[in-house]
Amino acid sequence: MSIVQENLFVCVPTANRPLLAYECIESVLSGTVIPFKLLVLDMSSEKFYSEFLDLTSALSGDVSERLEIIHVQNGLSPSAARHELGKRANAEL
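Along each chain, residue indices are assigned from 1 in the same order as the chain's sequence is written. Totals for whole chains, interfaces and linings use every residue, but because this is a predicted model, local features are given only for residues with pLDDT of at least 70 and side-chain atom pairs only at 80 or more, for both listing and counting. The side-chain values count all of the structure's non-hydrogen atoms but skip hydrogen atoms and water molecules.

*Asks:* I'd like to hear about the environment of Val-10, residue by residue, with values.
*Replies:* Secondary structure elements are defined from DSSP: runs of H or I of at least 4 residues count as helices, runs of E of at least 2 residues count as strands, and each element is numbered from the N terminus. Among the structural elements, Val-10 can be located in strand β1 (residues 3-14). Along the chain, Val-10 and Lys-37 lie 27 residues apart, while their C-alpha atoms are 6.6 Å from each other. Throughout, a residue-residue contact means that at least one pair of heavy atoms, one from each residue, lies within 4.5 Å. Among all residues touching Val-10, those that are not within four sequence positions of it are Val-28, Pro-35, Lys-37, Leu-38 and Leu-39.

*Asks:* Can you tell me about the nonpolar core, naming the residues and giving the values?
*Replies:* Here, nonpolar core refers to any group of buried Ala, Val, Leu, Ile, Met, Phe, Trp, Tyr and Cys residues whose side-chain atoms link them within 4.5 Å. Burial classes follow relative accessibility: with a 1.4 Å probe on protein chains only, a residue under 20% of its type's maximum area counts as buried, one over 50% as exposed, and anything between as partly exposed. With 12 residues, the main nonpolar core is built from Val-12, Ala-21, Tyr-22, Ile-25, Leu-29, Ile-34, Leu-38, Val-40, Phe-52, Leu-59, Val-63 and Leu-67. Those elements that place two or more of their residues in this core are α1 (18-29) and β2 (33-42). At four residues, α1 tops the list of elements feeding residues into this core. If near-sequence neighbours (up to four positions away) are discounted, Ala-21 is found in contact with Thr-14 and Phe-52. Judged by nonpolar contacts, the second largest core, of nine residues, contains Phe-9, Leu-39, Leu-41 and Met-43.

*Asks:* Lay out a nonpolar patch on the surface with the relevant residues and their values.
*Replies:* Residues with no salt bridge and a relative accessible area higher than 30% make up the patches, which join like charges within 9 Å and nonpolar side chains (Val, Leu, Ile, Met, Phe, Trp, Tyr) within 5 Å. Residue-level accessible areas treat just the shown protein chains as cover; the underlying method is Shrake-Rupley with a 1.4 Å probe. Between Lys or Arg on one side and Asp or Glu on the other, a salt bridge is scored when a side-chain nitrogen of the former is within 4 Å of a carboxyl oxygen of the latter. A contiguous nonpolar patch, built from Ile-3, Leu-8 and Val-33 and spanning about 240 Å² of accessible area, is present on the exposed surface. Tracing the backbone through its elements, the reader meets Ile-3 in strand β1. Judged by its relative accessible area of 52%, Ile-3 is exposed.

*Asks:* How would you explain the pairing of β1 if you had to name every residue and give the values?
*Replies:* With nine bridges connecting them, β1 and β2 associate as parallel partners. In the strand pairing of β2, Ile-3 is matched with Val-33. Criterion used throughout: strands pair if DSSP finds at least two bridges between them.

*Asks:* Residues and numbers for helix α2 (residues 46-56), please.
*Replies:* Turning to α2, its buried residues number three or more, namely Tyr-49, Phe-52 and Thr-56. In an axial view of α2, the angular spread of the buried residues amounts to 60 degrees, which keeps them on one side of the axis. When the buried face of α2 is taken as reference, the exposed residues oriented beyond 90 degrees from it are Lys-47 and Asp-54. Buried-residue contacts for α2 involve α1, β2 and β3 (67-71). Here the arc refers to the directions that run from the helix axis out to each C-beta atom.

Next comes the structure, spelled out in structure tokens:
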């Protein structure tokens, strides 16, 4: 049985690797302690973003409530992606 850890956010930046991003989400959510919120910043092209959404649509309802996927059309640098994820996580605390 998993325990939800309040105020724990996991942030994942990704681009053009829908299967790896999905496997990362599965790995995080299969632990004994799971985050209150899982933020994914996807900087993929529309084709890969659509594939990623198809993969995540199979997640159960309670898991999908914890998952927030943010899609940006133009790629961000790694530091800009971390900054954006940090801002979003802090805004929800």
